[in-house]
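Summary of structural features
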Amino acid sequence: MVFLVMGLLMLLLRWTFSRGRSLVTRPPRTGHPTEYGMLVSVAAPRSYEEGERLRQQLLDQDIRATVTLTDQGLRLFVWPEDELRARTVLDRD
């Protein structure tokens, strides 16, 4: 029984400290505004507060949106099918 427990501990420690894929996620990397898949940039807020205010305006109109830090600053993203409606809502203000 002792050898079994020791063997399991050795395997667990070997797996834990081995090189390869990490179980810890990498820190997020900022990318170009065109590198966010299908999401489309509709605004470039100057601060997180402004971005959240704009995002809330879109959410109030049932438009899903997210504020993300890109390598060119903050951007407000929406899905392509919501782009026209989002731009209309944002242009009203």
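Here is a short report on the structure shown in this document. (Residues numbered from 1 in each chain as written. Predicted model: local features only at pLDDT ≥ 70, side-chain atom pairs only at ≥ 80, totals over all residues. Heavy atoms only, no water.)

Some remarks on the overall build of the chain
- A tally of regular secondary structure across the chain gives 3 helices and 3 strands.
- Reading the chain from its N end, one meets helices and strands in the order α-β-α-β-β-α.
- Scaling as 2.2 N^0.38, a compact globule of 93 residues should have a C-alpha radius of gyration of about 12 Å, whereas the chain reaches 22 Å, well beyond that.
- For the chain, the C-alpha atoms occupy an extent of roughly 75 × 25 × 25 Å along the three principal directions.
- For the chain, buried positions account for 27% of its 93 residues. (Helix = DSSP H or I, 4+ residues; strand = E, 2+ residues; numbered from the N terminus. Rg over C-alpha atoms; globule rule 2.2 N^0.38 Å. Buried < 20%, exposed > 50% of the residue type's maximum accessible area, 1.4 Å probe, protein only.)

A look at the environment of Leu59
- Its place among the elements puts Leu59 in helix α2 (residues 48–60).
- Excluding residues within four positions of it along the chain, Leu59 makes contact with Arg64 and Ala65. (Contact = heavy atoms within 4.5 Å.)

Looking at unusual backbone geometry
- Although it is not a glycine, Asp62 sits at a positive phi angle of roughly 60 degrees.
- Position of Asp62 among the secondary structure elements: in the loop between α2 and β2 (65–70).

Side note on the pattern of salt bridges
- Under the defined criterion, the tally for this structure stands at 6 salt bridges.
- Notably, a salt bridge pairs Glu52 with Arg55, separated by 3.0 Å at the nearest N-O pair. In this pair, Glu52 and Arg55 are both assigned in helix α2, 3 residues apart and thus about one turn of the helix distant.
- Between Arg64 and Glu81 there is a salt bridge; the shortest N-O distance is 3.8 Å. Linking Arg64 in the loop between α2 and β2 with Glu81 in the loop between β3 (73–78) and α3 (83–92), this pair joins segments that are 17 residues apart in sequence.
- The partly exposed category is assigned to Arg64, whose relative accessible area is 49%. (Salt bridge = Lys/Arg side-chain N within 4 Å of Asp/Glu carboxyl O.)

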